[in-house]
Amino acid sequence: MRVARRLLQAVVVLWAAFTLSFLILYLLPGDSVLTKLGSAEGGPSASPEQIAQLRAQYGLDQPVLVQYGKQLLAALHGDFGTSVSTGDDATHMVLTALPPTLAVTGLALLFAVVFGGAIAVLGTFTRTRWVSQLLLSLPPLGTSLPTFWVGLLLIQLFSFRLRLVPALGSAGFASLILPAVTLALPTGAIIAQVLAKSLRTQLAEPYVEIVRAKGAGRGRVHFGHALRNAGLPTLTLVGVVAGNLLAGSVVTETVFSRDGLGRITASAVTSQDVPVVQAVIVLAAFFFVGLNLIVDLVYPLLDPRVRKEVTADG
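Not measured: the values here are computed from a predicted model.

1. Considerations on the overall build of the protein
A count of helical and extended segments in the protein gives 13 helices and zero strands. Helices and strands in the protein line up, N terminus first, as α-α-α-α-α-α-α-α-α-α-α-α-α. With the C-alpha coordinates of the protein rotated into their principal frame, the extents come out at 85 × 60 × 30 Å. Within the protein, the fraction of its 314 residues that count as buried is 38%. Restricting to contacts in the protein with at least 6 residues of sequence separation, those with at least 24 account for 73%. Carbon and sulfur atoms provide 68% of the accessible area of the protein, an area that totals close to 17500 Å². For the protein, the separation between the mean place of its 22 positive charges and that of its 16 negative charges on side chains is 21 Å.

Next comes the structure, spelled out in structure tokens:
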């Protein structure tokens, strides 16, 4: 029952993402057909017949409810229509641009979990006060730095001065490092903040005193008991921020001139290419819902209290 409920909620979220994006894009000022004609050779002088022909070709001359119904039905089959700007299939464009973006966001998530988790664990474990204060002061600093500024700073230092990694482009693993670090910085900072607070809360719980009274050392208390319980809210957070990394790829891929979902999104928004923008929005919602569904299903495996509730719920 619980799994069926979560799946139904996921379907509702995807439908809401499609419907809201359709309404917002429909209500935005501007006309994608006029934008396309305006960018083409001799476009501004296009006749009313040519404009009407293009609108009919993309179904933009039909009532809004008819457009919505047709697009929703087609989207259920994975068809988001044809790009107004390029004439290519919108779904194919988005799926083709997805792998480079997944490579950057996947590496960024790995960096964020490893370094964010390490800062939180070491900052709450060390007995040296100034080291703890230094480590735990880094996450607020990381969340306050603008992503584009961090990207430009990293390019200046590691590419232009030290010449360790390429500044721009999508060729090879080395080109992934700076974009991934740029994306990981705010995400890792949030993970570190939440995990550090959860660890402090767990270390103040009465059961920790009982474990210590039974002779457990600091390491076993910290890593074997407190970290296990403190990791559960952090796992929930990871499901949320992992979806946000896709949104952050728009800025990162623009700064580092990388191919990927972010670049075609920026281009589609500029040219008011509704089919491509809608395909990107629904795809991002699909990843966000999927990740949170996985986290939700993993939760009972890690927390016996949730497992009992799920078992009782049937």
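2. Brief notes about the packing of aromatic side chains
Taken as a whole and judged by the stated rule, the model has five aromatic pairs. Relative to Phe287, the ring of Phe286 has its centre 6.2 Å away and its plane inclined at 85°; by these criteria the two rings are edge-to-face. An aromatic cluster is built from Phe18, Phe22 and Tyr68, whose rings are joined through pairwise contacts. Positioned above the aromatic ring of Phe125 is the side chain of Arg218, whose terminal nitrogen or guanidinium carbon lies 4.4 Å from the ring centre.

3. Observations concerning the nonpolar core
Generally speaking, a soluble globular protein has its nonpolar side chains buried in company with each other. Of all hydrophobic cores here, the largest spans 20 residues; its most connected members are Phe18, Phe80, Val94, Leu261, Ile264 and Val276. Taken together, the elements giving at least two residues each to this core come down to helix 1 (2-27), helix 4 (64-76), helix 5 (90-125), helix 11 (261-270) and helix 12 (274-302). Beyond its immediate chain neighbours, meaning those up to four positions away, Val276 contacts Ser83, Ala90, Met93, Val94, Ile264 and Ala268. Grouped together as the second largest cluster of nonpolar side chains are 13 residues, Ala108, Leu176, Ala184 and Leu237 included.

4. Considering a nonpolar patch on the surface
A cluster of nonpolar side chains, namely Leu20, Leu23, Ile24, Tyr26, Leu27 and Leu28, defines an oily patch on the protein surface of about 630 Å² accessible area. Here Leu27 is to be found in helix 1.

5. Describing the domain arrangement of the protein
Here the protein is described as being made up of domain 1 (31-77) and domain 2 (91-310). Computed over C-alpha atoms, the centres of domain 1 and domain 2 are 40 Å apart.

6. Observations regarding the UniProt feature "transmembrane region" (unreviewed entry) in the protein
In this numbering, the UniProt entry assigns the feature "transmembrane region" (unreviewed entry) to residues 7-28, 102-122, 134-159, 171-196, 235-256 and 276-299. With 95% helix and 0% strand, residues 7-28 has end C-alpha atoms that lie 32 Å from one another. The span residues 171-196 carries 88% helix and 0% strand; its end-to-end C-alpha distance comes to 37 Å.

7. Overview of the packing of helix 5 against helix 10 (residues 218-255)
Two elements in contact, helix 5 and helix 10, have axes separated by 8 Å at closest approach and are oriented at 145°. The element helix 5 and its partner helix 10 pack so that their crossing is right-handed. Here helix 5 contributes Thr101, Thr105, Ala108, Leu109, Val113, Val121, Thr124 and Phe125 to the contact with helix 10, which in turn contributes Arg218, Gly219, His222, Phe223, Leu227, Val238, Ala242, Leu245, Leu246, Ser249 and Glu253. Grouping the constituent residues of the contact of helix 5 with helix 10 by class yields 11 nonpolar, six polar and two charged.

8. Examining unusual backbone geometry
Keep in mind that most residues, glycine aside, have a negative phi and that most peptide bonds are trans. The phi dihedral of Arg163 is positive, around 55°, even though this residue is not glycine. The topology assignment puts Arg163 in the loop between helix 7 (147-161) and helix 8 (174-203). By relative accessible area, Arg163 is classed as exposed at 67%. Despite not being glycine, Ser257 has its phi angle at roughly 50°, a positive value. Secondary-structure assignment places Ser257 in the loop between helix 10 and helix 11.

9. Things to note about the packing of helix 11 against helix 12
Between helix 11 and helix 12, whose axes approach to 9 Å, the crossing angle comes to 140°. In terms of orientation, helix 11 lies oblique with respect to helix 12. Handedness of the crossing formed by helix 11 with helix 12: left-handed. Here Leu261, Ile264, Thr265, Ala268 and Val269 of helix 11 come into contact with helix 12, specifically with Val276, Val277, Val280 and Leu283. For the contact of helix 11 with helix 12, the per-class residue count stands at eight nonpolar, one polar and no charged.

10. Focus: the environment of Ser249
Topologically, Ser249 is positioned in helix 10. As a C-alpha pair, Ser249 and Leu176 span 73 residues in sequence and 12 Å in three-dimensional space. Once residues lying within four places of it in the same chain are set aside, the contact partners of Ser249 are Thr101, Thr105, Leu183 and Gly262.

11. A word on the pattern of salt bridges
Under the counting rule described, the total for this entry stands at one salt bridge. One salt bridge connects Arg212 with Glu209, and the closest N-O pair in it is separated by 3.2 Å. Linking Arg212 with Glu209, this pair stays in helix 9 (residues 206-213), spanning three residues, or about one helical turn. The class for Arg212 is partly exposed, based on a relative accessible area of 40%.

Thresholds, definitions, all that
Residues numbered from 1 in each chain as written. Predicted model: local features only at pLDDT ≥ 70, side-chain atom pairs only at ≥ 80, totals over all residues. Heavy atoms only, no water. Helix = DSSP H or I, 4+ residues; strand = E, 2+ residues; numbered from the N terminus. Buried < 20%, exposed > 50% of the residue type's maximum accessible area, 1.4 Å probe, protein only. Contact = heavy atoms within 4.5 Å. Areas by Shrake-Rupley, 256 points an atom, 1.4 Å probe, with all protein chains shown as cover. Lys, Arg positive; Asp, Glu negative; His and termini not counted. Charge placed at Lys NZ, Arg CZ, Asp CG, Glu CD. Phe/Tyr/Trp six-rings, centres within 6.5 Å; stacked < 30°, edge-to-face > 60°. Lys NZ or Arg CZ within 6 Å of the ring centre and 35° of its normal. Core = buried A, V, L, I, M, F, W, Y, C linked by side-chain atoms within 4.5 Å. Patch = residues over 30% accessible without salt bridge, like charges linked within 9 Å, V, L, I, M, F, W, Y side chains within 5 Å. Salt bridge = Lys/Arg side-chain N within 4 Å of Asp/Glu carboxyl O. Domains from an automatic or database assignment. UniProt positions renumbered as here; feature names shortened; annotations may be inferred. Axes fitted to C-alpha atoms, helices over the stretch in contact; angles between N-to-C directions. Left-handed = near helix turned anticlockwise from the far one by under 90°. Nonpolar A, V, L, I, M, F, W, Y, C, P; charged D, E, K, R; others polar. Parallel < 35°, antiparallel > 145°, perpendicular 65-115°, else oblique.

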